[in-house]
Amino acid sequence: MIRTPRLFDLLRPALFALEPERAHRLAIGALKAAQAAGSRPSGRADDALAITVAGLDFPNPVGVAAGFDKDAEVPDALLALGFGFTEVGSLTPLPQQGNPRPRLFRLVEDRAVINRMGFNNGGAKAATHRLRARHGRGGIVGINIGANKESPDRIDDYATMARAMTPLASYLAVNVSSPNTPGLRALQDEGALAALIDGVIAARDEVAGVNVPPVFLKVAPDLEPADIDAIARMAIDRQLGALIVSNTTISRPLLRSSHAGEAGGLSGAPLHTLALERLRDFRKATGGGVPLIGAGGIASGEDAWEHIRAGASLVQLYSALVYDGPGLGARIVRELGALMRRDGFSSIAEAVGSE
């Protein structure tokens, strides 16, 4: 396992002096160097933290959310940090620049981030090349797929991405919940979403050989009860592998940072309560019939444990890495093991939905 003791605490002031997007590129560069040097997970895994979701065997339930490794540049370096899985993307069929800069803001006083990136990525072709190069190395690498902003047929974009990524993905994550592509969240409407998911599944099945990745769906936290019920019905009917709850929010709780008024999706600590509420809503709406992945404001073992007890089989984080550094994943994994045993569970699977 890559060792990153409190070195990050020493580097953080210098990183925070940089524009956030530039600091992120430096982080990706450092991880690329570690990956090129042959970084591999090491150390003994805690078998009690292993869990099977959608037919995939996760060594632990803590993953990196989409958005950190947009272009699939460092999946193996992230796995070597102790994460049980990572999700690359969002990737679109064609390269796109995303929204104008600045578009990424640290809300330090709130331990939060606002972004309006707009699916900036180098496109499917470049990512496919990288993913093929690491194919066969093992580890669970999900691929988050999206649509180009100017596409005349966004549903077709998702089908195109499903065809391209199916041979390379541990799972496909359908992202219709980003608030930063105009009109995208309209695809969460029941009719549109059903057509989109049907198209993705059909496209996957066209090219699936030995590898048939399950389809996950990432939803927004800003949903009405009727939307939650409709999505839950669709997920059960289509036998989706999991629901990722949730993406960033367009709502604004009380924030202290001077960047609080920036447009975009809010993530980090202020999202925790809302994301947890939505997780519980989806647990109730699905009756436990679809696995759930908790995301939003997870920054500690206690946060992750709360999501698991509320119904999440897996959890994902990203914004907390900005504030706590790359050693956070391994720390949460250790804390989860201790919390699980403290509360009398012999495996993480036993604890799912046990609150």
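Conventions used here
- Position labels on residues start from 1 in each chain and follow its written sequence.
- Per-residue local features are limited, in this predicted model, to residues with pLDDT of at least 70; the limit for side-chain atom pairs, both in listing and counting, is 80 or more; totals at the level of whole chains, interfaces and linings are taken over all residues.
- Heavy atoms from the whole structure form the basis of all side-chain values; hydrogens and water molecules are not counted.
- Two strands are counted as paired when DSSP detects at least two bridges linking them.
- Helical segments are the DSSP runs of H or I of at least four residues, strand segments are the runs of E of at least two, and each set is numbered from the N terminus.
- Only the contacting stretch of a helix is used when fitting its axis, a line to C-alpha atoms as for every element, and angles between N-to-C directions run 0 to 180 degrees.
- The pairing test for Phe, Tyr and Trp rings, Trp by its six-membered ring, is centres within 6.5 Å, and the orientation test on the planes gives stacked under 30 degrees, edge-to-face over 60, and tilted for anything in between.
- For every residue, the accessible area (1.4 Å probe, protein chains only) is compared with the maximum for its type, and the residue is labelled buried under 20%, exposed over 50%, or partly exposed between those bounds.
- Counting as a charge over the ring demands two things of the Lys NZ or Arg CZ atom: a distance within 6 Å of the ring centre and an angle within 35 degrees of the ring normal.
- Throughout, a contact is declared for two residues whenever any of their heavy atoms are within 4.5 Å.
- Among buried residues, the Ala, Val, Leu, Ile, Met, Phe, Trp, Tyr and Cys ones that are joined through side-chain atoms within 4.5 Å form a nonpolar core.
- Throughout this description, the term salt bridge denotes a Lys or Arg side-chain nitrogen within 4 Å of a carboxyl oxygen of Asp or Glu.
- When describing relative orientation, an angle under 35 degrees is termed roughly parallel and one over 145 degrees roughly antiparallel, while 65 to 115 degrees is termed roughly perpendicular and anything else oblique.
- It is the rotation of the near helix from the far one that decides the hand of a crossing: anticlockwise by less than a right angle makes it left-handed, clockwise makes it right-handed.
- Three classes are used, and their members are as follows: Ala, Val, Leu, Ile, Met, Phe, Trp, Tyr, Cys and Pro are nonpolar, Asp, Glu, Lys and Arg are charged, and the others, Gly among them, are polar.

1. Considering the sheet that holds strand E6 (residues 112-115)
Right, on to step 1. Spatial strand order, E5-E6-E11: three strands in an open sheet with antiparallel pairing. Whereas interior strands pair on both sides, the edge strands pair on one side only; in this sheet they are strand E5 (104-107) and strand E11 (265-268). Looking at each pair of strands side by side, their axes are set apart by 20° on average, direction ignored.
Right, on to step 2. The sheet contact formed by E6 and E11 spans four bridges and is antiparallel. Paired with Ala112 across the bridge in E11 is Gly268.

2. A closer look at the packing of aromatic side chains
Right, on to step 1. As enumerated under the stated definition, the model contains five aromatic pairs in all.
Right, on to step 2. Pairing Tyr171 with Phe216 gives two aromatic rings, centres 4.2 Å apart and planes at 20°, and the pair type is stacked. Remark: Phe216 occurs in strand E9 (residues 215-219) and Tyr171 occurs in strand E8 (residues 171-175); sequence separation between them is 45 residues. Neither residue differs from the other here; Tyr171 and Phe216 are each classed as buried.
Right, on to step 3. A cation over a ring is seen here: Arg106 above Phe16, with NZ or CZ 4.5 Å from the ring centre.

3. Brief notes about unusual backbone geometry
Backbone geometry follows two general trends: most residues other than glycine have a negative phi, and most peptide bonds adopt the trans configuration.
Right, on to step 1. Cis geometry is adopted by the peptide bond preceding Ser90, which originates at Gly89 and carries an omega value of 15°.
Right, on to step 2. Tracing the backbone shows Ser90 in strand E4 (residues 85-91).
Right, on to step 3. A cis amide bond, omega 0°, links Arg101 with the succeeding residue Pro102.
Right, on to step 4. Turning to its location among the elements, Pro102 is positioned in the loop between E4 and E5.
Right, on to step 5. With a phi close to 55°, Phe119 is a non-glycine residue in the positive phi region.
Right, on to step 6. Along the polypeptide, Phe119 turns up in the loop between E6 and helix H4 (124-134).
Right, on to step 7. Residue classification places Phe119 among the buried residues on the basis of a relative accessible area of 4%.

4. Structural notes on helix H9 (residues 301-309)
Every α-helix carries 3.6 residues per turn, so stepping three or four residues along brings you back to the same face.
Right, on to step 1. Looking only at H9, the buried set comprises Gly301, Asp303, Ala304, Trp305, His307 and Ile308.
Right, on to step 2. Contacts from the buried residues of H9 go to helix H8 (272-286), strand E12 (292-295), strand E13 (312-317), helix H11 (328-342) and helix H12 (348-351).
Right, on to step 3. Just downstream of H9, Gly311 is the residue with a positive phi angle, here 130°.

5. Remarks on the nonpolar core
What tends to happen in soluble globular proteins is that the nonpolar side chains get buried as a cluster.
Right, on to step 1. Grouped together as the largest cluster of nonpolar side chains are 93 residues, with contacts concentrated most on Tyr158, Val174, Leu217 and Leu243.
Right, on to step 2. Contact partners of Tyr158, with chain neighbours within four places excluded, come to Ile145, Gly146, Ala147, Val174, Asn175, Val176, Leu184, Leu187, Leu196 and Val200.

6. Description of the pattern of salt bridges
Side chains bearing opposite charge may pair, as long as their charged atoms lie close to each other.
Right, on to step 1. Under the counting rule described, the total for this entry stands at 20 salt bridges.
Right, on to step 2. Measuring nitrogen to oxygen at the nearest pair gives 2.9 Å for the salt bridge that ties Glu355 to Arg280. Linking Glu355 in the segment after H12 with Arg280 in helix H8, this pair joins segments that are 75 residues apart in sequence.
Right, on to step 3. The class of Arg280 is partly exposed, set by a relative accessible area of 33%.
Right, on to step 4. Bridged by salt links that share partners, the residues Glu19, Glu21, Arg101 and Arg103 form one connected network.

7. Describing the packing of helix H6 (residues 190-207) against helix H7 (residues 225-237)
Right, on to step 1. The geometry of H6 relative to H7 is characterised by a closest axis approach of 10 Å and an angle of 25° between their N-to-C directions. Classified by the angle between their axes, H6 and H7 sit roughly parallel to one another. When you trace H6 past H7, the crossing you get is right-handed. On H7, the residues that touch Glu190, Leu193, Ala194 and Ile197 of H6 are Ala230, Ile231, Arg233 and Met234.
Right, on to step 2. A per-class count over the contact of H6 with H7 returns six nonpolar, no polar and two charged.

8. Some thoughts on the sheet that holds E4
Right, on to step 1. Within the closed barrel, the eight strands sit side by side as E3-E4-E7-E8-E9-E10-E12-E13. Their pairing is parallel. Averaged over all pairs of adjacent strands, the angle between strand axes in this sheet comes to 25°, irrespective of strand direction.
Right, on to step 2. Across the face of the sheet, H9 comes into contact with E12 and E13 while running at roughly 145° to E13.

The values reported here are purely geometric and, on their own, carry no functional implication.
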